[in-house]
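Commentary on secondary and tertiary structure
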There are 2 protein chains.
Amino acid sequence: MRLGQGVEWAIHTCLNLTWLGAERGVSTARLAEFYQLPPAYLNKQLQSLVRAGILASTPGRRGGFSLARGPAAISLLDIVVAIEGSDPLFRCEQILRAGPGGRPDVDYREVCLVSGAMRRADLAWRQELAGRTLADLKADVERSFPGTPEATRGRFAELHDR
Amino acid sequence: MRLGQGVEWAIHTCLNLTWLGAERGVSTARLAEFYQLPPAYLNKQLQSLVRAGILASTPGRRGGFSLARGPAAISLLDIVVAIEGSDPLFRCEQILRAGPGGRPDVDYREVCLVSGAMRRADLAWRQELAGRTLADLKADVERSFPGTPEATRGRFAELHDR
DNA sequence: GCATTATTACTCGGATACTGCTTGTCCGAGTATCTCCGG
DNA sequence: CCGGAGATACTCGGACAAGCAGTATCCGAGTAATAATGC
């Protein structure tokens with residue numbers, strides 16, 4: 001039980017986009033080359049982000065991806081949900097229906113106290129993720145590693161020249 | 001991305017054991033019959049709980065499973081870890097090593113701020129689970145549904161008579 | 001009738017197949033740029 | 001020299017396979033109760 005690989009790629013890629021100004025879109029090929037990732041598969045993840053409204057894509061000759069809104073309006077939860085879906089970590093299959101006194105018409109996801117306890121933990125996880133935006137992360141990185149923005153832009157310029 | 005089916009089975013089964021007194025072990029067959037679960041597969045999950053020291057198993061003619069310690073000493077996190085393993089939800093593959101200025105000798109699971117943010121959310125989830133014991137859950141259920149202990153014992157008695 | 005021994009029935013435990021999702025890849029639809037041609 | 005039409009190169013997007021973890025099952029090792037047997 002673990003999150004998919006794409007979550008890490010998506011977060012780092014979105015973070016990179018915050019430093020690139022994003023005058024125009026950046027292609028999948030360059031974004032993948034930056035971390036030596038398989039381009040086609042990264043493209044698949046980025047498509048999920050587009051469907052979720054986090055990234056904007058422009059097709060055609062000079063197309064590419066860019067952030068659809070400001071970094072302060074994109075939380076880590078948004079990205080995780082976009083990649084992994086919105087299903088809760090714990091899935092209650094309502095086995096209490098088969099137990100003594102189980103009623104078929106009752107929604108045990110609401111009633112069952114086990115389900116409730118697990119849902120509360122789930123909520124704690126989500127709240128922590130929802131409270132961390134791309135803007136926060138960007139600021140933290142720039143404080144701890146001031147050279148990162150320039151280094152990132154530099155690397156992308158190299159890739160551009162190829 | 002979701003937790004395995006076995007987690008739900010394990011929690012409800014452990015909860016049932018708290019009501020059965022557990023003078024002697026309860027067999028997999030009866031525990032499975034209680035919720036109409038596949039016996040062999042449930043047995044596999046219970047084995048994981050035994051390995052984790054949560055359940056005690058006695059083999060042989062009148063063998064079965066019983067709680068290895070008091071319900072107050074068993075948290076939901078213990079059960080989840082026993083079934084799912086102790087790996088964090090978010091796995092950092094350290095893609096920063098392939099980025100600009102990436103060093104092979106640095107452990108980016110410690111340094112990377114993305115990894116740190118995800119780890120904090122992970123921790124919030126685990127703390128919530130660690131703070132909920134079987135004894136808490138048992139008390140909550142008995143408060144909300146006072147008939148449950150007797151109904152549970154009754155159903156197991158029926159299964160016993162077959 | 002009673003102690004002893006062989007049998008039996010039932011249990012856990014790990015080794016063994018199957019299924020679905022995550023991972024990974026490919027080719028087609030579409031667009032801006034560039035080239036070529038005519039005026 | 002300038003405008004426009006066609007060709008071109010490069011992009012995203014969804015449809016198409018492969019690998020692996022979760023799911024499900026079976027049979028063997030071991031133990032306690034039971035039945036049979038001899039005294």
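I will try to describe carefully the structure that is included in this document.

Cut-offs and rules
- Residues numbered from 1 in each chain as written.
- Chains lettered and ligands numbered in written order.
- Predicted model: local features only at pLDDT ≥ 70, side-chain atom pairs only at ≥ 80, totals over all residues.
- Heavy atoms only, no water.
- Near = heavy atom within 4 Å.
- Polar contact = N/O pair within 3.5 Å; in protein donor to acceptor, adjacent residues only side chain to side chain.
- Helix = DSSP H or I, 4+ residues; strand = E, 2+ residues; numbered from the N terminus.
- Nonpolar A, V, L, I, M, F, W, Y, C, P; charged D, E, K, R; others polar.
- Contact = heavy atoms within 4.5 Å.
- Buried area = accessible area lost by both parts, 1.4 Å probe.
- Salt bridge = Lys/Arg side-chain N within 4 Å of Asp/Glu carboxyl O.

In this section: the protein's contact with DNA strand C. In the vicinity of DNA strand C, 24 residues are found, and the nearest of them are Q5 of chain A together with M1, S57, G60 and R91 of chain B. A share of 61% of the atoms of DNA strand C within 4 Å of the protein falls on sugar and phosphate groups. R51 of chain B places a side-chain nitrogen or oxygen 3.3 Å from a phosphate oxygen of DNA strand C. Here S57 of chain B contributes a side-chain N or O atom positioned 2.6 Å from a phosphate oxygen of DNA strand C. Of all the secondary-structure elements, those providing two or more residues to the surface near DNA strand C are α1 (5–19) and α3 (39–51) of chain A together with α3 (39–51), β1 (55–58) and β2 (64–67) of chain B. Classifying every residue of the surface near DNA strand C gives seven nonpolar, 12 polar and five charged.

Where interface size is given, it is often the accessible area lost as the parts come together that is meant. The interface is formed by 51 residues belonging to chain B together with 51 residues belonging to chain A. When chain B packs against chain A, the two sides together hide about 4800 Å² of surface, and 71% of this comes from carbon and sulfur. Of all residues in chain B, M1, R91 and I95 of chain B bury the most surface against chain A, accounting for 16% of the area lost on that side. Across the contact surface, chain B and chain A share zero salt bridges. Taken together, the links from chain B to chain A amount to 12 residue pairs in polar contact (both at pLDDT 80 or more). Within the residue set of the side of chain B that touches chain A, elements represented by two or more residues are α1 (5–19), α2 (28–35), α4 (76–84), α6 (113–130), α7 (134–144) and α8 (148–161) of chain B. It is α6 of chain B that provides the largest number of residues to the side of chain B that touches chain A, a total of 11 residues. The residue makeup of the side of chain B that touches chain A, split by class, is 33 nonpolar, seven polar and 11 charged.

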